[in-house]
Amino acid sequence: MPAPLSGVFPVEESAELLRHYRYAVERAMRVLGGWIALTPELSAKLLLGRHVWDTAQHADALGKRLLELRSQAQVSEPSSAAFAAFMDEIEAPEAPGQTVERLVGVYRVLKPHLLGTYEWHLARTNLVYEPPTRRLLARCIEDERRHVAAGETVLGHLVASPALGDRALAWQGRLEARLAAAGGVGGRGVPAPSSMPVSGDPDAEEFIRLEQSSRPPGVPADLRVALAALGDAVVRGDWLAAAACVDPGAAGADALGTAGIGREFSGHRVVALARLGRQYLAKLRFDGPGSSVVLLTRWATGDLGWRAAALEVVRVDTPAPA
């Protein structure tokens, strides 16, 4: 049976879809590049740096294909104002403590959606007169599969506490609702997600190994758990749980109130850690939309495990009034 000479997409419609794809990809390229300097975690920083190049290549290839479809080359066009607003929200998390939100937006929402859309489009292209579009989509599909697997690997490493897991799920749900309301990248709805298995990625695993090797050696695992518990409690505003991480006779115990009460934080991280005999000094940084606080803590271990034996607020940063 001869192959049909008419396909699902006329030339003008195919060019329109590629302009919509290029809008999402071009913005993603700029977002990934801009986030590199804002992201403190080495594994995430290396992930963004690796993928910004591939994303730039996709934008260029889509733009060149437009000229072959009798359309102006290198043009980007959102399918709707709602999709542009969705991309604005993807780009919004810029605080140092919002690495998880950044990666969730790109690797659990945007890129899986692009992957599913490219697969949907490829299945509807004409075998006779659309080989260039088919080759372009196949290349983008291969890269997006790899990107999603790598992003999920790094997220699995960074989402190391129930509080971070809850944040990741909440942000993912919010973005997916926005995407569905916008009608997806092409304005034609959100296709079923790809059935690809999400497995470990060798590049991402190497990025994680490099991050771990840069940490101070010999820090007890249960101390890291204690530090994370204190940080999570302060971010949640759970002062009873935070107090449980502090020795009852700790010097400067009221520093917890100074650091957190009346402030809202989106995340925390250890910015310095040093051994002092059998004890450890740790600086915890808490970041939020209104301020950032650095808390110096000294940790000692006993019958109840690691507890903060001394606390001091050493820095508070608040935005200058507009």
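These notes cover the structure that comes with them. (Residues numbered from 1 in each chain as written. Predicted model: local features only at pLDDT ≥ 70, side-chain atom pairs only at ≥ 80, totals over all residues. Heavy atoms only, no water.)

Regarding the overall build of the protein
Looking only at helices and strands, one finds 10 helices and 5 strands in the protein. Overall, the protein is about 85 × 45 × 25 Å in size when its C-alpha atoms are taken along their principal axes. Split into buried and exposed, the 322 residues of the protein put 46% on the buried side. In the protein, the share of contacts with a sequence separation of at least 24, taken over all contacts with a separation of at least 6, comes to 70%. Counting only carbon and sulfur atoms, one obtains 56% of the accessible surface of the protein, whose full area is about 15,300 Å². Computed over 35 positive and 37 negative side-chain charges, the separation of the two mean positions in the protein equals 3 Å. (Helix = DSSP H or I, 4+ residues; strand = E, 2+ residues; numbered from the N terminus. Buried < 20%, exposed > 50% of the residue type's maximum accessible area, 1.4 Å probe, protein only. Contact = heavy atoms within 4.5 Å. Areas by Shrake-Rupley, 256 points an atom, 1.4 Å probe, with all protein chains shown as cover. Lys, Arg positive; Asp, Glu negative; His and termini not counted. Charge placed at Lys NZ, Arg CZ, Asp CG, Glu CD.)

Re the nonpolar core
The biggest cluster of nonpolar side chains holds 54 residues, and the ones touching the most others in it are Tyr 21, Phe 83, Phe 86, Leu 103 and Tyr 118. Every element with two or more residues in this core is listed here: helix H1 (11–35), helix H2 (42–68), helix H3 (81–91), helix H4 (99–122), helix H5 (131–158), helix H6 (162–182) and helix H7 (202–213). In this structure, Tyr 21 is in contact with Leu 62, Thr 117, Tyr 118, Trp 120, His 121, Leu 137 and Val 185, ignoring residues within four places of it in sequence. Membership of the second largest hydrophobic core comes to 25 residues, among which are Leu 223, Ala 233, Cys 245 and Tyr 280. (Core = buried A, V, L, I, M, F, W, Y, C linked by side-chain atoms within 4.5 Å.)

What to know about the side chain of Glu 101
Examined against the element boundaries, Glu 101 turns out to sit in helix H4. If sequence neighbours within four positions are ignored, Glu 101 has contacts with Pro 93, Arg 167 and Trp 171.

A look at the packing of H2 against H7
In contact at an axis separation of 8 Å, H2 and H7 are set at 145° when each is read in the N-to-C sense. Relative to H7, H2 is oriented so that their crossing is right-handed. Within the contact between the two elements, H2 uses Leu 42, Ser 43, Leu 46, Leu 47 and Arg 50 and H7 uses Asp 203, Phe 207, Ile 208, Leu 210 and Glu 211. Across the contact of H2 with H7, the residue classes tally to 6 nonpolar, 1 polar and 3 charged. (Axes fitted to C-alpha atoms, helices over the stretch in contact; angles between N-to-C directions. Left-handed = near helix turned anticlockwise from the far one by under 90°. Nonpolar A, V, L, I, M, F, W, Y, C, P; charged D, E, K, R; others polar.)

Section: the pattern of salt bridges
All told, the structure shown has 22 salt bridges when counted by the stated rule. Across the pair Arg 65 and Glu 68 runs a salt bridge, and its minimum N-O distance is 2.9 Å. Remark: Glu 68 and Arg 65 occur in helix H2; sequence separation between them is 3 residues, near one turn of the helix. Here Asp 287 and Arg 285 are joined by a salt bridge, their closest N and O atoms 2.8 Å apart. The exposure class of Asp 287 is buried, given its relative accessible area of 1%. Where salt bridges share partners, they join Arg 22, Glu 26 and Arg 30 into one cluster. (Salt bridge = Lys/Arg side-chain N within 4 Å of Asp/Glu carboxyl O.)

Here we look at the sheet that holds strand S2 (residues 267–276)
Strand order in this open sheet of 5 strands is S1-S5-S4-S3-S2, and the pairing throughout is mixed. The sheet terminates laterally at strand S1 (246–251) and S2, the two strands that pair on one side only. Taking each pair of neighbouring strands and ignoring which way they run, the sheet shows an average axis angle of 30°. By the bridge criterion, 9 bridges tie S2 to strand S3 (residues 279–287) in an arrangement that is antiparallel. Within S3, the position partnered with Ala 274 by the bridge is Leu 281. (Pairing = 2+ DSSP bridges.)

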